Amino acid sequence: MQAEHLPPLAQIVEAVFKEIEAGPLNVSSVPLELLSKLNFLFDKDLSKAFQIIERGRITCYTAERSQRKVFQVQGSRPADQYTVFPAHFCTCHAFLYQVVGQDHILCKHQLAARLADILHCCNTVCVPDEVFAQLLIAT
Ligand SMILES: [Zn+2]
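Quick notes on the rules
Residues numbered from 1 in each chain as written. Predicted model: local features only at pLDDT ≥ 70, side-chain atom pairs only at ≥ 80, totals over all residues. Helix = DSSP H or I, 4+ residues; strand = E, 2+ residues; numbered from the N terminus. Rg over C-alpha atoms; globule rule 2.2 N^0.38 Å. Buried ≥ 20, exposed ≤ 12 C-beta atoms within 10 Å, placed from the backbone. Contact = placed C-beta atoms within 7 Å. Pairing = 2+ DSSP bridges. Axes fitted to C-alpha atoms, helices over the stretch in contact; angles between N-to-C directions. UniProt positions renumbered as here; feature names shortened; annotations may be inferred. Parallel < 35°, antiparallel > 145°, perpendicular 65-115°, else oblique. Left-handed = near helix turned anticlockwise from the far one by under 90°. Nonpolar A, V, L, I, M, F, W, Y, C, P; charged D, E, K, R; others polar. Core = buried A, V, L, I, M, F, W, Y, C linked by C-beta atoms within 7 Å.

K.L.:
Looking at this structure, how should I read the overall build of the protein chain?
P.N.:
A count of helices and strands for the protein chain gives six helices and five strands. Secondary structure elements of the protein chain occur, N-terminal to C-terminal, as α-α-α-β-β-β-β-α-α-β-α. Against the globule reference of 14 Å for 139 residues, the protein chain gives a C-alpha radius of gyration of 15 Å, in line with a compact fold. When its C-alpha atoms are laid out on the principal axes, the protein chain stretches across 40 × 35 × 35 Å. Taken over 139 residues, the protein chain has a buried fraction of 24%. Considering only residue pairs separated by 6 or more positions, the protein chain has 58% of its internal contacts joining residues 24 or more positions apart.

K.L.:
Would you explain the sheet that holds strand β4 (residues 89–90) in this entry?
P.N.:
Strand pairing in a sheet takes place through backbone hydrogen bonds and is either antiparallel or parallel in direction. A sheet is described by the order of its strands in space; here five strands give the open sequence β4-β3-β2-β1-β5, paired in mixed fashion. Where the open sheet ends on each side, the last strands, each with one partner, are β4 and β5 (123–127). Sheet topology note: the strand β1 (residues 58–63)/β5 ladder contains five bridges and is parallel. Counterpart to Cys60 in the pairing with β5 is Thr124. With respect to the sheet, helix α6 (residues 129–137) is in contact with β1, β2 (69–74) and β5, its orientation differing from that of β1 by roughly 130°.

K.L.:
I tried to follow the UniProt feature "domain: SWIM-type" (unreviewed entry) in the protein chain on my own but got confused; where do I start?
P.N.:
UniProt annotation of "domain: SWIM-type" (unreviewed entry) refers to residues 82–118 when read in the numbering used here. Helix makes up 51% of residues 82–118 and strand 16%. Its end C-alpha atoms lie 19 Å apart.

K.L.:
Help me understand the packing of helix α3 (residues 44–54) against helix α5 (residues 108–118) in this model?
P.N.:
The relative placement of two packed helices is expressed as an angle between their axes plus a distance between the axes. Two elements in contact, α3 and α5, have axes separated by 8 Å at closest approach and are oriented at 60°. In terms of their interaxial angle, α3 and α5 are classed as oblique. In this structure, the crossing between α3 and α5 has a hand that is right-handed. Seen from α3, the contacting residues are Asp45, Leu46, Lys48, Ala49, Ile52 and Ile53; seen from α5, they are Lys108, Leu111, Ala112, Leu115 and Ala116. Within the contact of α3 with α5, the residues separate by chemical class into eight nonpolar, no polar and three charged.

K.L.:
What is the right way to look at the environment of Val84 in this model?
P.N.:
Assignment of secondary structure puts Val84 in strand β3 (residues 81–85). Along the backbone, Val84 and His109 are 25 residues apart, and their C-alpha atoms lie at a distance of 7.0 Å. Each residue touching Val84, except ones within four places of it in the same chain, is listed here: Phe71, Val73, Cys90, His109, Gln110 and Ala113.

K.L.:
I'm lost on the nonpolar core in this one. Help?
P.N.:
Within soluble globular proteins, side chains that are nonpolar tend to cluster in buried spots. Judged by nonpolar contacts, the single largest core of 23 residues is most densely connected at Ala49, Ile53, Ile58, Val73, Ala112, Ala113 and Ala116. Residue assignment for this core shows that the elements contributing at least two residues are α2 (32–42), α3, β2, β3 and α5. A per-element tally of this core places α5 first, with five residues. Those residues within four positions of Ala49 in sequence are excluded, and the remaining contacts are Lys108, Leu111, Ala112 and Leu115.

Here it is as structure tokens:
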């Protein structure tokens, strides 16, 4: 994503994610300064995102040929399964009402998937591109 095309607050968020990416890439070694920045930007959603990560509820599906990625985030109830493109979209209600309808930058699932991707702490499954397409159609 080209940061210069984003709204100012989203540019700040991208800058913080880039700072985290430049670090040691370990969930326990994210500097307190960066956690403080994330906490300022996401408030309660940050702790919810880390709970999602800690509970192992994120799976990243990568298409073998195209290397496209999509994340599946398991909600608190078994029936709640969300398809997430961390920078753009989530199938949850909060995304629709708070991100699209209000001024939130990301929902907690997007934040969790983005952090899990950066910090390499999610389940990863490589699938043929045809299977990847079926995952998207099923959404
Ligand atoms: Zn969501």
